[in-house]
Amino acid sequence: YILDVTNGDNELDRYPNTSSTRRIGNFKANYRRKFDANQTFASITLGRTGDANSTAFNDIDDFNGTTSRINGSGTGDYVKDINISTTVKYISDDANYSSSPTLNFSFDINSTPPSTNIKLIEVKVSDNTNNQEITTLRAFSANIGSYELLYRIFP
């Protein structure tokens, strides 16, 4: 389901009211992306803290603050020891979504509002010996829910 958020752009809220399961632009059909019938809010606290199962990685924000080390020493193609650290944060989703024909949007990667419809996932790779950054990868995850396949059983 699409999650309700506390600080997102109001153009992406339930439409026309909080009892609806659709947002503007959603298809009015079963098995399509929609809100849960009961308001279900995105987590304000990023990470596994507060999850029912705090040892499992069950959504993107559970990787916030994690660090992994890959030892070089001839293992695979790794020549040196590297650290991989992951940060997940909310970024502003403010835009004029009804503008036409082009939507102008600026991703502010420094923004950290409580919960919005866009999360930034940042993975930094650094040399373990001197902590020198090798590369940073960024990706964005949108709060659009997931699909459910429609299937039929034939006799």
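Summary of the structure given here. (Residues numbered from 1 in each chain as written. Predicted model: local features only at pLDDT ≥ 70, side-chain atom pairs only at ≥ 80, totals over all residues. Heavy atoms only, no water.)

**Quick notes on the overall build of the protein chain**
A tally of helices and strands in the protein chain yields zero helices and four strands. Helices and strands appear in the protein chain in the N-to-C order β-β-β-β. Taking the principal axes of the C-alpha coordinates as reference, the protein chain spans close to 55 × 50 × 35 Å. For the protein chain, the proportion of its 155 residues judged to be buried stands at 25%. Carbon and sulfur atoms form 50% of the exposed surface of the protein chain, whose accessible area is close to 10,800 Å². Between the averaged position of the 15 positive side-chain charges in the protein chain and that of its 18 negative side-chain charges there is a distance of 7 Å. (Helix = DSSP H or I, 4+ residues; strand = E, 2+ residues; numbered from the N terminus. Buried < 20%, exposed > 50% of the residue type's maximum accessible area, 1.4 Å probe, protein only. Areas by Shrake-Rupley, 256 points an atom, 1.4 Å probe, with all protein chains shown as cover. Lys, Arg positive; Asp, Glu negative; His and termini not counted. Charge placed at Lys NZ, Arg CZ, Asp CG, Glu CD.)

**Things to note about the environment of Leu-149**
Relative to the helices and strands, Leu-149 is located in the segment after strand E4 (133-142). The class for Leu-149 is exposed, based on a relative accessible area of 62%. Along the sequence, Leu-149 and Asp-13 sit 136 residues apart, while their C-alpha atoms lie 24 Å from each other.

**Concerning the side chain of Asp-9**
Note on placement: Asp-9 falls in the segment before strand E1 (67-70). Although Asp-9 lies buried, it forms no salt bridge, and the closest oppositely charged side chain, Arg-23, sits 9.5 Å away as judged by the N-O distance. A polar contact of 3.0 Å, which involves the side chain of Asp-9, links it to the backbone nitrogen of Ala-95. With near-sequence residues (within four places) excluded, Asp-9 lies in contact with Asp-93, Asp-94, Ala-95, Tyr-97 and Asn-117. (Salt bridge = Lys/Arg side-chain N within 4 Å of Asp/Glu carboxyl O. Polar contact = N/O pair within 3.5 Å; in protein donor to acceptor, adjacent residues only side chain to side chain. Contact = heavy atoms within 4.5 Å.)

**Notes on the packing of aromatic side chains**
Enumeration over the complete set of coordinates arrives at one aromatic pair. A centroid spacing of 4.5 Å and a plane angle of 20° characterise the contact between Phe-57 and Phe-63, whose relative ring orientation is stacked. Judged by its relative accessible area of 41%, Phe-57 is partly exposed. A cation sits over an aromatic face here: Arg-48 above Phe-57, 4.1 Å from the ring centre. (Phe/Tyr/Trp six-rings, centres within 6.5 Å; stacked < 30°, edge-to-face > 60°. Lys NZ or Arg CZ within 6 Å of the ring centre and 35° of its normal.)

**Quick word on the layout of surface pockets**
The computed volume of the largest pocket comes to approximately 470 Å³. Lining of the largest pocket is provided by 24 residues; of these, Arg-23, Gly-25, Asn-26, Arg-33 and Ile-144 occupy positions nearest its centre. When the residues that make up the lining of the largest pocket are grouped by side-chain class, the tally is 13 nonpolar, six polar and five charged. Taken as a whole, the second largest pocket holds about 310 Å³ of empty space. Looking at the second largest pocket, it is lined by 18 residues, and the ones nearest its centre are Leu-3, Lys-119, Ser-141, Ala-142 and Asn-143. (1 Å grid on protein atoms, 1.4 Å probe; cavity = no way out; pocket = protein on both sides within 12 Å on 5 of 7 lines; lining within 4 Å. Points joined across faces, edges and corners; volume = space filled by probe spheres on them. Nonpolar A, V, L, I, M, F, W, Y, C, P; charged D, E, K, R; others polar.)

**Things to note about the sheet that holds strand E3 (residues 118-127)**
Strands sit in the order E1-E2-E3-E4 across an open sheet of four strands; the sheet is antiparallel. Taken across any chain shown, the strands that pair with only one partner, and hence form the sheet edges, are E1 and E4. Geometrically, the sheet is characterised by an average inter-axis angle of 20° between neighbouring strands, direction not taken into account. Looking at chain direction, strand E2 (residues 82-91) and E3 are connected through 10 bridges and run antiparallel. (Pairing = 2+ DSSP bridges. Axes fitted to C-alpha atoms, helices over the stretch in contact; angles between N-to-C directions.)

Read these as spatial facts, not as claims about activity.
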